[in-house]
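The residues making up each chain are set out below.
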2 protein chains.
Amino acid sequence: MESTQGDTRRIALDAMGGDLGSAEVVSALRLALDEFPDLCPVTILGDEAELGPLLDQAKLSAHPKVTLHHTAEVITMGDEVMTAIKRKRDSSMLKAIELVKEGAARAVVSTGNTKILVSAGTLKLRTLAGIERPALAPVIPREGGHFILIDAGANPEAKSMHLVHNAILGSHYARMELGIEKPRVGLLTIGTEEGKGNSLINDTHEHLKALGDLVHYVGPVEGFQVFFDHVDVIVCDGFTGNICLKSWESLSKFFRNELKAQMLSSPLRRLGGMMARGAFTGLRHRIQPERYGGAPLLGLRGTVLKAHGSANRYALMNALGDASEFIRVDRTSRIEADIDRANKILRPEPVDVSEL
Amino acid sequence: MESTQGDTRRIALDAMGGDLGSAEVVSALRLALDEFPDLCPVTILGDEAELGPLLDQAKLSAHPKVTLHHTAEVITMGDEVMTAIKRKRDSSMLKAIELVKEGAARAVVSTGNTKILVSAGTLKLRTLAGIERPALAPVIPREGGHFILIDAGANPEAKSMHLVHNAILGSHYARMELGIEKPRVGLLTIGTEEGKGNSLINDTHEHLKALGDLVHYVGPVEGFQVFFDHVDVIVCDGFTGNICLKSWESLSKFFRNELKAQMLSSPLRRLGGMMARGAFTGLRHRIQPERYGGAPLLGLRGTVLKAHGSANRYALMNALGDASEFIRVDRTSRIEADIDRANKILRPEPVDVSEL
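Cut-offs used in this document
- Residues numbered from 1 in each chain as written.
- Chains lettered and ligands numbered in written order.
- Predicted model: local features only at pLDDT ≥ 70, side-chain atom pairs only at ≥ 80, totals over all residues.
- Heavy atoms only, no water.
- Helix = DSSP H or I, 4+ residues; strand = E, 2+ residues; numbered from the N terminus.
- Rg over C-alpha atoms; globule rule 2.2 N^0.38 Å.
- Buried < 20%, exposed > 50% of the residue type's maximum accessible area, 1.4 Å probe, protein only.
- Contact = heavy atoms within 4.5 Å.
- Areas by Shrake-Rupley, 256 points an atom, 1.4 Å probe, with all protein chains shown as cover.
- Lys, Arg positive; Asp, Glu negative; His and termini not counted.
- Charge placed at Lys NZ, Arg CZ, Asp CG, Glu CD.
- Pairing = 2+ DSSP bridges.
- Buried area = accessible area lost by both parts, 1.4 Å probe.
- Salt bridge = Lys/Arg side-chain N within 4 Å of Asp/Glu carboxyl O.
- Axes fitted to C-alpha atoms, helices over the stretch in contact; angles between N-to-C directions.
- Parallel < 35°, antiparallel > 145°, perpendicular 65-115°, else oblique.
- Left-handed = near helix turned anticlockwise from the far one by under 90°.
- Nonpolar A, V, L, I, M, F, W, Y, C, P; charged D, E, K, R; others polar.
- Least-squares fit on C-alpha atoms with pLDDT ≥ 70 in both.
- Polar contact = N/O pair within 3.5 Å; in protein donor to acceptor, adjacent residues only side chain to side chain.

Engineer: Is there a simple way to think about the overall build of chain A in this case?
Structural biologist: Helix and strand content of chain A: twelve helices and twelve strands. The C-alpha radius of gyration computed for chain A amounts to 22 Å, which stays within 12% of the reference 21 Å derived for 356 residues, consistent with globular compactness. Each principal axis of the C-alpha distribution contributes one length, and for chain A these read about 70 × 60 × 40 Å. Counting the 356 residues in chain A, one finds 58% classified as buried. Partitioning the contacts of chain A with sequence separation of at least 6, the portion at a separation of at least 24 is 74%. Surface summary for chain A: the accessible area is close to 14400 Å², and the carbon and sulfur share equals 53%. Positive and negative side-chain charges in chain A, numbering 42 and 45 respectively, have mean positions lying 4 Å apart.

What follows is the structure in structure tokens.
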């Protein structure tokens, strides 16, 4: 069952390292195969002794689209980045990336340690032509829809050109994932007058304006606009983006706990809460959507989808669907063409004097 | 009624520029005088033609603690920072700061334009000895209490020493406002292992560890920990802090709107919602507290309290109470002593060779 030959339009699914364990990952695979008839074939990586029985129960052992790839090691949340990448070559996460590097697969889906996934993905899969750093791009719910936050933590010390590339990568992802042909791109900052913010923002603002129709840049976006219908792609450095994303999750959790405590604090409230239960379920689905199961690490030769550590089977099912979509609708050449145009506009090549 | 002589332990209240108008400010003053018997005397600044009648209605015209100071101009949200500071000298906000500079008052309370308040406060009132930049420090609700975020936007291009000073300023404010003798201080970043984050964070982390008992530094804090009971003071640069604060407000508003829409989407939910109404009120008070009516601009010679533009009478009442507290419990000398110790530890003075 080790074979990953033949069709290379294949997803490498890291079954280990998620909070809910590999059984949840196998359930997700079962759901994805039923939900998406044209799902790309999947190589599921992890401990054979653990996954074998689970695949049997799920009637997937003999499934034509499912291949089991045994790996002996597991990367944990506690692992140090470089140590894990050097020492745990036979882990499900690193082998999954390896399969993409070898061309035996085109996309990785993993719930594992973000820092290690980002570092290993960047080291093993090269970046696209003209791009220096990849960016993590989660889809986040807001009034009337969703927006893409890029970068959510892959590149904490971003340079202006990195943010420009994020704007291009985010725009292409918005076209594919949100189905918006001309996504509005905003630059996250603290003052919407020109010249406000910091030097990185000011430089990037000028660069984005210089791109013309390459990116539909609508200008700076302030924090108070984020969750309302202003832009479809929010560009920021990985430091700001990661703190925002994580603190938004923290705040949502705090809300839910407080609201729950308030609803349970009297019999009347409890009864009212039961009658209105549907509203809370509805809200939960808006605030914590499983619809976008994974955040892609954009800018690499190959797709890497990072699912939340606590992603359940539905989130992972959708991550698998997205991975298939990434493989099917390969935008690489269009992205590289846009990046090349942007780099030429912002870093014009020196004139060759011999040609004068 | 122009006199601001006599007791200089006085609050300068900017009555103009708030979203709810000067009537709300006068109501806040009435409430504060009733709520806090030992409230410091207040000079209310704004258009006499507008404020005079409002003070009459509120029976405050002849109040021994209330002085009206007429100003002809108003600073609006649209004003450019330096233009306003140069041209609108006779505005309620700038005059209020002027009164503190002259020694006719010790604290400013304003709902006006944050950027202008921060810039004017910094330019007109000098910073405390050893401090280069002031910091904005709102109090924010979290699981089991509140935390102080410093800096929320005063200093978007912070250096490591600025963050160290924020840690000291925030600790003193936590002692006064939250009543915590040994507040836990955390450094907001993206990875809790040492060496993660960016160079500013890494330098600051080493500096804070070097301070010994000067600051109760418990280490880096990640976004996911922010709204849970980990630290009492969260230190960050003004760029990150302002984006966080504003986006948290945006998310709270989005959350409330979504929940409301969900609750109204069926008769059963509507009825349940009415029965549980108390829970939503309770939640609103936790999430959008009026208890901490204003965010102080710390590090200046004189108190500047920035109330939210949409602050209502209760928020402003508490801002006035806080301003009184700042004047009564003046921690300036203790803060300057701590700053001096920190600067000596981190920037040891060169040895005077002549003394060897």
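So that's the structure; there's more coming.
Engineer: Any chance you could explain the pairing of strand 7 (residues 145-150) of chain A here in plain terms?
Structural biologist: Regular strands have side chains that alternate between both faces of the sheet. Residues and elements named next belong to chain A. Counting buried residues in strand 7 gives six out of six residues, a clear majority hidden from the surface. Here strand 7 shows no split at all, with Gly145, Phe147 and Leu149 on one side and His146, Ile148 and Ile150 on the other all buried. Relative to strand 7, strand 6 (residues 139-142) runs antiparallel, the two sharing four bridges. Of the residues in strand 7, the one forming a bridge with Pro141 is His146.

Engineer: I keep staring at the interface of chain A and chain B and nothing clicks. Help me out?
Structural biologist: By convention, interface size is frequently given as the accessible area that disappears when the constituent parts associate. Taken residue by residue, the interface counts 60 residues in chain A and 60 residues in chain B. For the pair chain A and chain B, the two sides together bury roughly 5200 Å², of which 71% comes from carbon and sulfur. Taken together, chain A and chain B are joined by two salt bridges. Counting only elements with at least two residues in the side of chain A that touches chain B, the list comes to strand 6, strand 8 (185-189), helix 7 (199-210), helix 8 (238-263), helix 9 (267-275) and helix 10 (277-287) of chain A. For the side of chain A that touches chain B, the element with the most residues is helix 8 of chain A, which contributes 20 residues.

Engineer: Looking at this model, I keep getting lost on the packing of helix 4 (residues 92-102) of chain A against helix 5 (residues 114-124) of chain A. Mind explaining?
Structural biologist: When two helices pack together, their arrangement is given by the angle between their axes and by how far apart the axes lie. All names here are of chain A. Orientation of helix 4 relative to helix 5, taken along the N-to-C sense of each, is 25°, at an axis distance of 10 Å. Classified by the angle between their axes, helix 4 and helix 5 sit roughly parallel to one another. Classified by chirality, the crossing of helix 5 by helix 4 is right-handed. Contacts between helix 4 and helix 5 involve Met93, Leu94, Ile97, Glu98 and Lys101 from the former and Ile116, Leu117, Ala120, Gly121 and Lys124 from the latter. Among the residues forming the contact of helix 4 with helix 5, the class breakdown is six nonpolar, one polar and three charged.

Engineer: Which parts of the structure should I look at to understand the relation of the copies chain A and chain B?
Structural biologist: Under the fitted operation, chain A is carried onto chain B by 0.0 Å of movement along the axis and a turn of 180°, and the coordinates agree to an RMSD of 0.0 Å. Considering both components of the superposition, the chain copies are consistent with a two-fold axis. No C-alpha of chain A lies nearer the rotation axis than that of Gly272 of chain A, which sits 1.9 Å from it.

Engineer: Help me understand the sheet that holds strand 10 (residues 233-235) of chain A in this model?
Structural biologist: Backbone-to-backbone hydrogen bonds join strands into a sheet, with any given pair of strands oriented parallel or antiparallel. Residue and element names in this part refer to chain A. Judged by pairing direction, the sheet is mixed, and its five strands sit side by side in the order 6-7-10-8-9 without closing on themselves. Pairing within the sheet leaves two strands with one partner each, and these edge strands are strand 6 and strand 9 (217-222). If you compare each strand with its neighbour and ignore which way they point, the axes differ by 35° on average. Of the pairings in the sheet, the one linking strand 7 to strand 10 comprises three bridges and is parallel in character.

Engineer: For this particular structure, what's the right way to read the pattern of salt bridges?
Structural biologist: Any two side chains of opposite charge can pair if their charged atoms end up close together. All names here are of chain A. Summed over the entire model, instances satisfying the criterion amount to 34 salt bridges over all chains. Glu336 is the salt-bridge partner of Arg301, the closest N and O atoms lying 3.5 Å from each other. In this pair, Arg301 sits in the loop between strand 11 (294-298) and strand 12 (303-307) while Glu336 sits in helix 12 (residues 332-346), placing the two residues 35 residues apart along the sequence. Look at Arg301 and you get partly exposed, because its relative accessible area is 34%. On the basis of relative accessibility, which here comes to 21%, the residue Glu336 falls in the partly exposed class. Taken together, the salt bridges that share partners define one network made up of Arg142, Arg184, Asp229 and Asp232.

Engineer: So what exactly am I meant to see when it comes to the side chain of Asp79 of chain A here?
Structural biologist: Residues and elements named next belong to chain A. Mapped onto the elements, Asp79 comes out in the loop between strand 3 (66-70) and helix 3 (81-87). Taking the relative accessible area as the measure of exposure, Asp79 reaches 18% and is therefore buried. Among the polar contacts listed, one links the side chain of Asp79 to the backbone nitrogen of Thr76, at a separation of 2.8 Å. Of the polar contacts made by the side chain of Asp79, one reaches the side chain of Lys88; its length is 2.8 Å. Setting aside chain neighbours within four positions, we find Asp79 in contact with Val74, Ala84, Lys88, Asn113 and Ile116.

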